[in-house]
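# Architecture and fold: a report
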Amino acid sequence: QVDALVAMLRHEAIPGLSLRGQAVASWLGRLAAVDSLTALVLDDTDVDNAALAALEVLPLRRLYLAGTAVTDRAVLALAARRAPLEVVDLEGCEVTDNAVAALSALPTLRALNLAETEVRDGVGPWLERLVRLEVLDLGRTAVGARTVAAVRTLPLRELYLDGTAVGREVASLAVLAPGLVRFD
């Protein structure tokens, strides 16, 4: 079945694929033959660092990894190869400020979901380097005042800070109001 899927994806030059909630780690590397794939949804799958490494040849622009076993190590590898990533979803993954530091080197990143990760308030300077970032989800993380001060300069259209330690400093985000379409 996997061979048939890969053949069909290659023949049709399919740009995106969702494998959400499926057991895919054992065969995920076979998708590396589908060079048309630029978007891949792997949310809530059994994907880990090794499975993700098998896809490093793909020109992915959008990568959704929420609820997987991906850690800083895999994110560092993604960033090191300068993938043209525009969207990265790491919600619920065991990633830290180190992953964000690595991602800050990707000039194409426009959306980043770090909700329910291990990022801390020291992540602000790394986020500040993502000058094209339009969507940022830091919900249910340990970010606070220092992060708020850093993200004020970004061209954010959506910002999620629910369940964080952000307090009165949220008022300083008023400068984002003209461009924000969603703020939680």
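## Some thoughts on the overall build of the protein chain
- A count of helical and extended segments in the protein chain gives six helices and eight strands.
- Written out in order from the N terminus, the α and β elements of the protein chain read α-β-β-α-β-α-β-α-β-α-β-α-β-β.
- For a compact globule of 184 residues, the expected C-alpha radius of gyration is about 16 Å, and the protein chain comes in at 17 Å, within 12% of that figure.
- C-alpha atoms of the protein chain, sized along the principal axes, occupy 55 × 30 × 25 Å.
- Out of the 184 residues in the protein chain, the part that is buried amounts to 47%.
- Once local pairs closer than 6 in sequence are excluded, the contacts in the protein chain between residues at least 24 apart make up 42%.
- Each charge class in the protein chain can be summarised by its mean position, and for the 18 positive and 24 negative side chains these summaries are 6 Å apart.

## Things to note about the nonpolar core
- By size, the foremost hydrophobic cluster in this structure holds 55 residues, and its most contacted members are Leu31, Leu42, Leu112 and Leu127.
- Residue assignment for this core shows that the elements contributing at least two residues are helix H1 (2-12), helix H2 (49-53), helix H3 (72-80), helix H4 (97-103) and helix H6 (145-151).
- Beyond its immediate sequence surroundings of up to four residues, leucine 42 is in contact with Leu19, Val24, Leu28, Val47, Leu55, Leu63, Tyr64, Leu65, Ala66 and Thr68.

## Some remarks on the side chain of asparagine 113
- Relative to the elements of secondary structure, asparagine 113 occurs in strand E5 (residues 111-113).
- Engagement of the side chain of asparagine 113 in a polar contact is seen with the backbone nitrogen of alanine 115, the distance being 2.9 Å.

## Observations regarding H3
- Looking at H3, one finds that the buried residues are Asp72, Ala74, Val75, Leu78 and Ala79. The arc enclosing the buried residues of H3, seen along the axis, measures out at 160°, which places them on a common side. Of the exposed residues in H3, those oriented more than 90 degrees away from the buried face are Arg73 and Ala80.
- Among the structural elements, H2, strand E3 (62-64) and H4 are those in contact with the buried residues of H3.

## Let's talk about unusual backbone geometry
- Positive phi, close to 55°, is recorded for alanine 13, a residue that is not glycine.
- Tracing the chain through its elements places alanine 13 in the loop between H1 and strand E1 (16-18).
- Residue alanine 13 is classed as partly exposed on the basis of its relative accessible area of 45%.
- Phi is positive for arginine 82, which is not a glycine, with a value near 55°.
- Along the chain, the position of arginine 82 falls in the loop between H3 and strand E4 (87-89).

Scoring rules and cut-offs
Going along each chain's sequence as written, the residues are numbered from 1 onward. Only residues with pLDDT of 70 or above have their local features reported here, since the model is predicted, and side-chain atom pairs are shown and tallied only from 80 upward, although totals for entire chains, interfaces and linings are computed over all residues. The side-chain numbers reported here are obtained from all heavy atoms of the structure, hydrogens and water having been left aside. The helix and strand labels rest on DSSP assignments: H or I over at least four residues marks a helix, E over at least two residues marks a strand, and numbering proceeds from the N terminus. Atoms counted for the radius of gyration: C-alpha only. Globule rule: 2.2 Å times the number of residues to the power 0.38. Between buried and exposed lies partly exposed: a residue is buried under 20% and exposed over 50% of the maximum accessible area for its type, with that area taken using a 1.4 Å probe on protein chains only. The contact criterion used is simple: two residues touch if any of their non-hydrogen atoms lie within 4.5 Å. In this count, Lys and Arg are taken as positive residues and Asp and Glu as negative ones, while His and the chain termini are left out. Where a charge lies is defined by one atom per residue type: Lys uses NZ, Arg uses CZ, Asp uses CG and Glu uses CD. Here the nonpolar core consists of buried residues drawn from Ala, Val, Leu, Ile, Met, Phe, Trp, Tyr and Cys, with membership extended through side-chain atoms lying within 4.5 Å. Under this definition, polar contacts are N or O atom pairs within 3.5 Å; protein pairs additionally need one hydrogen-donor-capable and one acceptor-capable atom, and for neighbouring residues in sequence, both atoms have to be side-chain atoms. As used here, the arc belongs to the directions running from the helix axis to the C-beta atoms.

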